[in-house]
Amino acid sequence: MSLPRKVTILGSTGSIGTSTLDLFERAGVELEVVGLTAGRNVARLAEQALRWRPRVAVVEDETQLAELRERLQGSGIQAAAGAKAVEEIAAEEAQWVMSAIVGFAGLAPTLAAARTGAIIALANKESLVCAGPALLRTAKRAGGVVIPVDSEHSAIFQVLDPSAAEHVKRLILTSSGGPFRDATRAQMAAATLEQALAHPNFSMGAKISIDSATMMNKGLEVIEAAYLFSMPPERIDVLVHPQQIIHSMVEYADGSTLAQMGPPDMRPPIACAFAWPDRLPWPAPHLDLVTAGPLTFQHPDPEKFPALAIAKRALLAGGRAPAAMNAANECAVAAFLNRRIAFLDIPNIVAETLERMDRIPDPTRPDDDAVQSANQTDAEARRVAGEVVTRKFAA
Ligand code: NAD
Ligand code: MG
């Protein structure tokens, strides 16, 4: 088995980042760590750095540099800070880069890593949503590859035979349904932050937890799947599957449906992205279908989860719509996390931002640099969403 040795982990202190390092620890793989990066959590970053001995540890928040330096003093590990430094370490030569920064902030470092030709293990779905075709093209041109870590896309990646792509009838993404799967719309209208953060099966970062509660996470994943697997929106469906044992399915023209199964745990999809096409022996309990109990499925309720339709519309509209939707969603989620708006305001803010953006001429041109366009759209949509939040919802 030939596993990557030289690795970088972008967003090492988050939920996916710590699961990645935990997997490496348990599987006992030998690594040369080039870089570890964090947004703000220097205590965890320094602890990880002292264990994994990267050449550089980077914290995005520059006010934390002094503390990071102090914690790493005498270790020989270089400390750095700032968004540029995150991008620089992502651009250093490595065989495998875990892209696990949350949000649009992950795009520039992920692209920098893709330009080196490294294998990109992609958890940061927002970068695909905002610049999917450009990111995939960049990786391919550099001789690299993007392997999805998102469990649904990892599932499809494992069961979709690229040589039989023309025989695929549709992709079926599964969703837990989030904490409000069985709630009424009235209960959702009154939902507290704590209720929205309480995902039934996973402990994840705050942003993706709220995205799971609104099902915007699944909306982002529909766009992610469309780009990764070159599939039109009408051939991507979503099914609510509360047990999260089947991670997604591919239905073929002849009536055969292939599903990928596993425990509801992110470490197996991370292991898959690390060892592919080999398999890393997984030392934790494997799936036991007898104890997993019955597997159930239902259609998502469009009244309760309008985010799904918003995302499909943005994908169909194309151009800057997916990036604008993502930015509006990041703004709305931040406002909800800061207790400025109510839970059901989130999809309303996203929808209204997209409507307003439609009325603002798009300054970008098709031959513009994709990152530049994404940056422009992101900034403009954040400005508009910020206005919507302030004027309409937090008056
Ligand atoms: P998280 O909030 O737990 O961690 C995010 C990481 O990014 C942390 O290391 C944080 O310090 C860093 N970070 C935050 N802002 C930053 C910035 N501006 N610049 C640089 N670094 C920054 O998030 P998570 O749950 O680990 O999710 C990470 C990504 O993976 C997201 O895009 C999410 O959608 C995706 N994902 C997560 C899961 C999961 O189970 N958690 C599953 C599938 C996909
Ligand atoms: Mg997912």
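The written sequence of each chain sets the order in which its residues are numbered from 1. As a convention, the first chain written is A and the first ligand written is 1, with the rest following in written order. Whole-chain, interface and lining totals are the exception, using all residues; otherwise, since this is a predicted model, local features are given only for residues with pLDDT of at least 70 and side-chain atom pairs are given and counted only at 80 or more. Water and hydrogen atoms were dropped before computing side-chain values, which therefore reflect all heavy atoms in the structure.

**A few points about the overall build of the protein chain**
Worth spelling out the cut-off: A run of DSSP states H or I qualifies as a helix once it reaches four residues; a run of E qualifies as a strand once it reaches two. Both are numbered from the N-terminal end. Two things to know: the radius of gyration comes from C-alpha atoms, and the globule rule equals 2.2 Å times the number of residues to the power 0.38. Exposure is judged per residue with a 1.4 Å probe applied to protein chains only, and the accessible area is read against the type maximum: over 50% gives exposed, under 20% gives buried, and values in between give partly exposed. Should any heavy atoms of two residues lie within 4.5 Å, those residues are considered in contact. In these tables, accessible area is a Shrake-Rupley quantity obtained with a 1.4 Å probe, and a residue counts as shielded only by the protein chains included in the view. His is not counted, nor are the chain ends; Lys and Arg add positive charge and Asp and Glu add negative charge. One atom stands in for each charge, and that atom is NZ of Lys, CZ of Arg, CG of Asp or CD of Glu.
Summing up its helical and strand segments, the protein chain has 17 helices and eleven strands in all. In summary, the protein chain has a C-alpha radius of gyration of 20 Å against a globular reference of 21 Å for 395 residues, a match within 12%. Its C-alpha atoms give the protein chain principal-axis dimensions of about 55 × 50 × 45 Å. Expressed as a percentage of its 395 residues, the buried residues of the protein chain come to 55%. In the protein chain, of all internal contacts separated by at least 6 residues, the share reaching a separation of at least 24 is 68%. Approximately 17100 Å² of the protein chain is accessible, and the part contributed by carbon and sulfur atoms is 51%. Seen as two clouds, the 38 positive and the 45 negative side-chain charges of the protein chain have centres 2 Å apart.

**Notes on the coordination of the magnesium ion (ligand 2)**
To be explicit about the condition: Atoms of type N, O and S within 2.8 Å of a metal are treated as its donors, and for Na, K and Ca the window is 3.2 Å; water is not considered, so some sites may appear to be missing partners.
At 2.1 to 2.3 Å from the magnesium ion (ligand 2) lie its protein donor atoms, namely Asp150 (OD), Glu152 (OE) and Glu221 (OE). Sequence spacing among the residues donating to the magnesium ion (ligand 2) works out to D-x1-E-x68-E. Within this pair, whereas Glu152 is found in helix 7 (residues 151-159), its partner Glu221 is found in helix 11 (residues 216-228), the two being separated by 69 residues in sequence. Considered together, Glu152 and Glu221 belong to a single accessibility category, that of buried residues.

**Notes on the domain arrangement of the protein chain**
One frequently used descriptor of interface size is the decrease in accessible area upon assembly of the parts. Rule in force here: The split of the chain into domains comes from an automatic or database domain assignment. Values labelled buried area give the accessible surface lost by two parts on being combined, using a 1.4 Å probe and summing over both. One side-chain nitrogen of Lys or Arg within 4 Å of one carboxyl oxygen of Asp or Glu is enough to make a salt bridge.
The assigned domain composition of the protein chain is domain 1 (6-148) and domain 2 (319-395). When each unit is reduced to the centre of its C-alpha atoms, the spacing between domain 1 and domain 2 is 27 Å. When the buried area of domain 1 at its contact with domain 2 is split by residue, Phe104, Val129 and Cys130 rank highest and sum to 62% of it. At the junction of domain 1 and domain 2, the tally comes to zero salt bridges.

**Observations regarding the pairing of strand 6 (residues 119-122)**
The criterion, for reference: Strand pairing is assigned whenever DSSP detects at least two bridges linking the two strands. Call a crossover right-handed when, viewed with both strands pointing away from you, the route from the first strand across the helix to the second goes clockwise.
Pairing of strand 5 (residues 96-99) with strand 6 involves four bridges; the strand directions are parallel. The residue bridging Ser99 from the neighbouring strand is Leu122, located in strand 6. Pairing between strand 6 and strand 7 (residues 145-148): four bridges, direction parallel. Bridged to Ile120 within strand 7 is Val146. One crossover worth recording links strand 6 to the parallel strand 7 by way of helix 6 (residues 125-141), and it is right-handed.

**A closer look at the packing of aromatic side chains**
Spelled out, the test is: Each Phe, Tyr or Trp ring, with Trp reduced to its six-membered ring, pairs with another whose centre is within 6.5 Å; inter-plane angles below 30 degrees give stacked pairs, above 60 give edge-to-face pairs, and intermediate values give tilted ones. A ring has a charge above it when a Lys NZ or an Arg CZ is no more than 6 Å from the ring centre and no more than 35 degrees off the ring normal.
Enumeration over the complete set of coordinates arrives at seven aromatic pairs. When the ring of Phe336 is compared with that of Phe343, the centres are 5.6 Å apart and the planes differ by 70 degrees; the resulting orientation is edge-to-face. For the residue pair Phe336 and Phe343, the accessibility class agrees, reading buried in each case. Through successive ring pairs, a cluster of aromatic residues spans Phe24, Trp52, Trp96 and Phe274. For the cation-ring pair, Arg51 lies above Trp52, with the distance from its terminal atom to the ring centre recorded as 4.0 Å.

**Focus on unusual backbone geometry**
Trans peptide bonds make up most of the peptide bonds, and negative phi angles are found at most residues other than glycine. Of the consecutive residues Trp276 and Pro277, the connecting peptide bond is found in the cis state with omega at 5 degrees. Tracing the chain through its elements places Pro277 in the loop between helix 12 (267-275) and helix 13 (289-292). Of note, Arg53 is a non-glycine position whose phi angle comes to about 50 degrees, a positive value. Examined against the element boundaries, Arg53 turns out to sit in the loop between helix 2 (42-52) and strand 3 (56-59). Located in the positive-phi region is Met215, a residue other than glycine, with phi close to 70 degrees. Tracing the backbone through its elements, the reader meets Met215 in the loop between helix 10 (206-214) and helix 11.

**Details of the sheet that holds strand 10 (residues 246-252)**
What counts, and what does not: Axis lines are fitted to C-alpha atoms, over the contacting stretch for helices. Their N-to-C directions set the angle, which ranges from 0 to 180 degrees.
Taken together, the four strands give an open sheet; going across it, the order is 9-8-10-11, and neighbouring strands pair in mixed fashion. Two strands lie at the open edges of the sheet, namely strand 9 (236-240) and strand 11 (257-261), each paired on one side alone. Neighbouring strand axes in the sheet, compared pairwise and without regard to direction, differ in orientation by 20 degrees on average. Across five bridges, the pairing between strand 10 and strand 11 is antiparallel.

**Focus on the nonpolar core**
Taken as a class, soluble globular proteins show a tendency for nonpolar side chains to be buried jointly. Rules: Throughout this description, the term nonpolar core refers to a set of buried Ala, Val, Leu, Ile, Met, Phe, Trp, Tyr and Cys residues connected via side-chain atoms within 4.5 Å.
Judged by nonpolar contacts, the single largest core of 134 residues is most densely connected at Phe24, Leu68, Met98, Leu171, Met325 and Phe343. Looking at this core, the element that brings in the most residues is helix 15 (residues 321-337), giving eleven residues. No fewer than three residues from each of domain 1 (6-148) and domain 2 (319-395) sit in this core.

**Considerations on the site of ligand 1**
The line we're drawing: One heavy atom within 4 Å of a molecule or strand is enough for the residue carrying it to be called near that molecule or strand.
Around ligand 1, a shell composed of 22 residues is seen, among which Thr13, Ser15, Gly39, Glu126 and Gly205 lie nearest. In isolation ligand 1 has 830 Å² of accessible area, and contact with the protein removes 86% of it. Looking at the shell around ligand 1, the elements that each hand over two or more residues are helix 1 (15-27) and helix 6.

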